[in-house]
Amino acid sequence: MKTFSTNNSNWLLPFAFITLYGSGFVATKYGLVNASPLAFLLIRFFIAFILLILLSYFLKVAWPKSMKEVFHIAVAGSLTVAVFSIGVYISINEGVSPSLNALIIALQPALVSILAIKFLGEEISLRHWIGLLIGFVGVCFVVISKFELNSPEMFGILMTIFALLGLSFGNLYQKKYCSHMNLFSGGVIQTFASFILVLPLMLAFEDIRVDWNMDLVYAILYMSVAVSIGALSVLYILIKKGDVSKVSSMFYLIPVCAAIMSYIFFDESIEMGVVLGIITVLIGISLINKKDKKKRRI
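Residues numbered from 1 in each chain as written. Predicted model: local features only at pLDDT ≥ 70, side-chain atom pairs only at ≥ 80, totals over all residues. Heavy atoms only, no water.

Chemist: So what's going on with the packing of helix α3 (residues 67-93) against helix α7 (residues 154-177)? Residues and values would help.
Modeler: Put simply, α3 and α7 touch, their axes get as near as 7 Å, and they point 160° apart. The angle between α3 and α7 places the two elements in the roughly antiparallel class. When you trace α3 past α7, the crossing you get is left-handed. Of the residues assigned to the contact of α3 with α7, the class counts are 17 nonpolar, 10 polar and no charged. (Axes fitted to C-alpha atoms, helices over the stretch in contact; angles between N-to-C directions. Helix = DSSP H or I, 4+ residues; strand = E, 2+ residues; numbered from the N terminus. Parallel < 35°, antiparallel > 145°, perpendicular 65-115°, else oblique. Left-handed = near helix turned anticlockwise from the far one by under 90°. Nonpolar A, V, L, I, M, F, W, Y, C, P; charged D, E, K, R; others polar.)

Chemist: Please provide a residue-by-residue account of the packing of aromatic side chains, values included.
Modeler: All told, the structure shown has 5 aromatic pairs when counted by the stated rule. When the centroid spacing of 6.1 Å and the interplanar angle of 45° are considered together, the rings of F46 and F195 count as tilted. In this pair, F46 is assigned in helix α2 (residues 37-59) and F195 in helix α8 (residues 183-205), connecting sequence segments 149 residues apart. Residue class for F46 comes out partly exposed when judged on its relative accessible area of 44%. Since its relative accessible area comes to 19%, F195 is described here as buried. (Phe/Tyr/Trp six-rings, centres within 6.5 Å; stacked < 30°, edge-to-face > 60°. Buried < 20%, exposed > 50% of the residue type's maximum accessible area, 1.4 Å probe, protein only.)

Chemist: Give me the lowdown on the pattern of salt bridges, citing residues and values where you can.
Modeler: A full pass over the atoms with the stated rule returns 1 salt bridge. Across the pair R209 and D211 runs a salt bridge whose closest N-O atoms are separated by 3.4 Å. Overall, the relative accessible area of 38% leaves D211 in the partly exposed class. (Salt bridge = Lys/Arg side-chain N within 4 Å of Asp/Glu carboxyl O.)

Chemist: Quick one: what's the story with the environment of T28, residue by residue and with numbers?
Modeler: Along the chain, the position of T28 falls in helix α1 (residues 2-34). Note on T28: relative accessible area 6%, which makes it buried. Spatially, the C-alpha atom of T28 lies 9.9 Å from that of P98, the residues being 70 residues apart in sequence. Ignoring sequence-local partners within four residues, the contact set of T28 consists of F40, Y89, I92 and M223. One polar contact links the side chain of T28 to the main-chain carbonyl oxygen of G24, over a distance of 2.7 Å. (Contact = heavy atoms within 4.5 Å. Polar contact = N/O pair within 3.5 Å; in protein donor to acceptor, adjacent residues only side chain to side chain.)

Written out as structure tokens, the structure reads:
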């Protein structure tokens, strides 16, 4: 019975994160048709902020005990939530395909693994490195099958790299300084910090556009509740429970999930490259997360 419970815990949370985060690409596609990227983000962060305040109040959760804790939580949120979202949304708005975005963001596991050695002192095994490489090859199968020959704007690609760096450093910062953060009160601080970061950027640099319709409402609500609260809460639980380098390996499955969601909601065909990619990614993930066998004497 114990083994069954552990296995459920090991797979349920990652599956929930991958599904919620991957489906966010579908909601983003709907949202950016009807709103400029930073305006969409600002509304999303505001709604998530209000919902998290209400949850924190009714659940009577613990709040940070010092301004130092608040600062660390705000920095982690600004990187993981705001910087990542700003980069990806602007990139898609500039014409970079979701597939190319997924490929660049899929470099996150390898980047985090390298950074985790230096900043967190994590040990990366040879099997782990092989798994990362196999996972990256699997992502390439998925993206190449969806890749378009028309080269996107260089600015958009740079914004995706910007998002990659924000997400990678944010995961490391979260693990190092915010491992005991309450998901709800911490979420209040992080969404508020993200809101404060996006607001002046939107006012200074964006031609603000919001065309209210039901597609936009659905997209904002989904991104606010399912992604800003649901997916990120699951991600922080996983970071707290395990090595950040192993947790980050799940990002290899995000473009795979996005391809499946596109098939379901947009009737896009799944090429053989996608199927090969899914199989290859699963092999890579299994190598990364396989526990070392330790001999125990009773």
